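Given next are the chains, with one letter for each unit.
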Amino acid sequence: MQPSTLFVGVDISKAELVICIAGQRPCSIANDAASIRAWLRTAPAHALIAMESTGRYHALLAQLAYQAGLQVYVLNARDVFFYARALGTRAKTDAVDAVVIARYLEQHHAHLHPWHPGSATQQQLQELLVRRAQVVAHRTALTQAFVGVQIDGAQLAGLNAAFQALLKSIDAQVQRLIDSDARMARGYRLLLTITGIGPQSGALLTTLFSRLEFANADALVGYSGLDPRPNDSGTRHGRRRLSKKGPALLRRQMWLAGFSASRSKLFAPWYQTLRAKGFASTEAIVIMGRKLLRVAFAVWKSDQAFDSQKLGPKSA
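By convention here, each chain's residues receive numbers from 1 onward along its written sequence. Two thresholds apply to this predicted model, a pLDDT of at least 70 for residue-level local features and 80 or more for giving and counting side-chain atom pairs, whereas whole-chain, interface and lining totals are computed over all residues. The side-chain numbers reported here are obtained from all heavy atoms of the structure, hydrogens and water having been left aside.

Caption draft 1: Region of the structure containing the nonpolar core. By convention a nonpolar core is built from buried Ala, Val, Leu, Ile, Met, Phe, Trp, Tyr and Cys residues, the set being connected through side-chain atoms within 4.5 Å. Per-residue accessibility, obtained with a 1.4 Å probe over protein chains only, is compared with the maximum for each type, and a residue is labelled buried under 20%, exposed over 50%, and partly exposed between these values. By size, the foremost hydrophobic cluster in this structure holds 46 residues, and its most contacted members are Val174, Leu191, Ile194, Leu205, Phe209, Met254 and Phe267. Comment: elements are numbered from the N terminus, with helices defined as DSSP H or I runs of at least four residues and strands as E runs of at least two. Ranked by residue count, the leading element in this core is helix α12 (residues 281-302), at twelve residues. Here Leu191 is in contact with Ile197, Gly202, Leu205, Thr206, Phe209, Ala296, Val299 and Trp300, once residues within four sequence places are set aside. With 20 residues, the next largest nonpolar core counts Ile19, Leu61, Ala65 and Trp115 among its residues. Contacts are residue-level and defined by heavy atoms, with any inter-residue pair within 4.5 Å sufficient.

The following block contains the structure:
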């Protein structure tokens, strides 16, 4: 990199951006389009800008910085958290976080992938799928809140009906967006041929595969956070745990796909084999979800329907 390259770390909240250019004192601006555009006009073209993924609050800065021709990096918040720990930071403030992000970018930019926005259709799909998952979570929470409480059954039924109507409306909109793109529509139909992959998993994977190019299935598994993390030292082999570095929604959906597949005629024998080897039910379902993710990647890349004969002896 040229010596003049500027590494910029931005800590983001709903109302404010705290900006740190490596080696300089942090400053803050409002998290709105006018303030961001005004600040971007002062940023040199060779600046690299990094921010943590914060749901939707980072989206405006990332989009506007990309449109301004700057190289943008959206970081995994867990990576930055453990990096700050390793640095021995003694406090946590927005300014300190911005400094840590700028320093992380300066040291690791060569191994990071620049952020690129998806198409308008892909962005809408992603937003709808995230919102749908939130609606389902809220419905579950409300249902649990009334367990054991005497309440008018008609009122609760009306609440559930309203949730169902909203979810049905979201699903219809998701389907229209997928059908509007020929490649996504075909890929979606092929993904649905996989045992265990339903409409929700298919829509999520279609959005993911159409937006991001993965070098291989291992890269996809690593992105999802479903990869087991070794914990060995010398002759000791510790328990493997999932890295959980990717989108939680993707992991949840693949777990549900694995659960569905474990009840199917095709995959039930493999599930029982995993249980017989000593894996807990959750562990076995995670393994199956990870396998289905690899199968989905192969189906998407080959542009061919799922063929159970290619799974080998494990599925027999």
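Caption draft 2: Fine view of the pattern of salt bridges. The term salt bridge refers to a pairing of a side-chain nitrogen on Lys or Arg with a carboxyl oxygen on Asp or Glu at a separation within 4 Å. Tallied over the entire structure, the rule returns ten salt bridges. Two residues, Arg131 and Glu127, come together in a salt bridge whose shortest N-O distance is 2.9 Å. Taken as a pair, Arg131 and Glu127 lie in helix α5 (residues 120-145) at a separation of four residues, close to a single helical turn. The partly exposed category is assigned to Glu127, whose relative accessible area is 39%.

Caption draft 3: Broad picture of the packing of aromatic side chains. Any Phe, Tyr or Trp ring, taking Trp's six-membered ring, that has another such ring centre within 6.5 Å forms a pair; planes under 30 degrees apart are called stacked, those over 60 apart edge-to-face, and the others tilted. Summed over the entire model, instances satisfying the criterion amount to eight aromatic pairs. Consider the rings of Tyr66 and Trp115, whose centres lie 6.0 Å apart with planes at 90°: the pair is edge-to-face. With Tyr66 in helix α2 (residues 59-67) and Trp115 in the loop between α4 (94-108) and α5, the pair connects residues that are 49 residues apart, well separated along the chain. The exposure class assigned to Tyr66 is partly exposed, which follows from its relative accessible area of 34%. When the centroid spacing of 5.2 Å and the interplanar angle of 75° are considered together, the rings of Phe81 and Phe82 count as edge-to-face. By the ring-pair criterion, three or more aromatic residues cluster together here, those being Phe209, Phe297 and Trp300. A cation over a ring is seen here: Arg263 above Tyr271, with NZ or CZ 6.0 Å from the ring centre. By definition here, charges over rings are those cases where NZ of Lys or CZ of Arg is within 6 Å of the ring centre and within 35 degrees of the ring normal.

Function-wise, these values are silent; they only describe arrangement.
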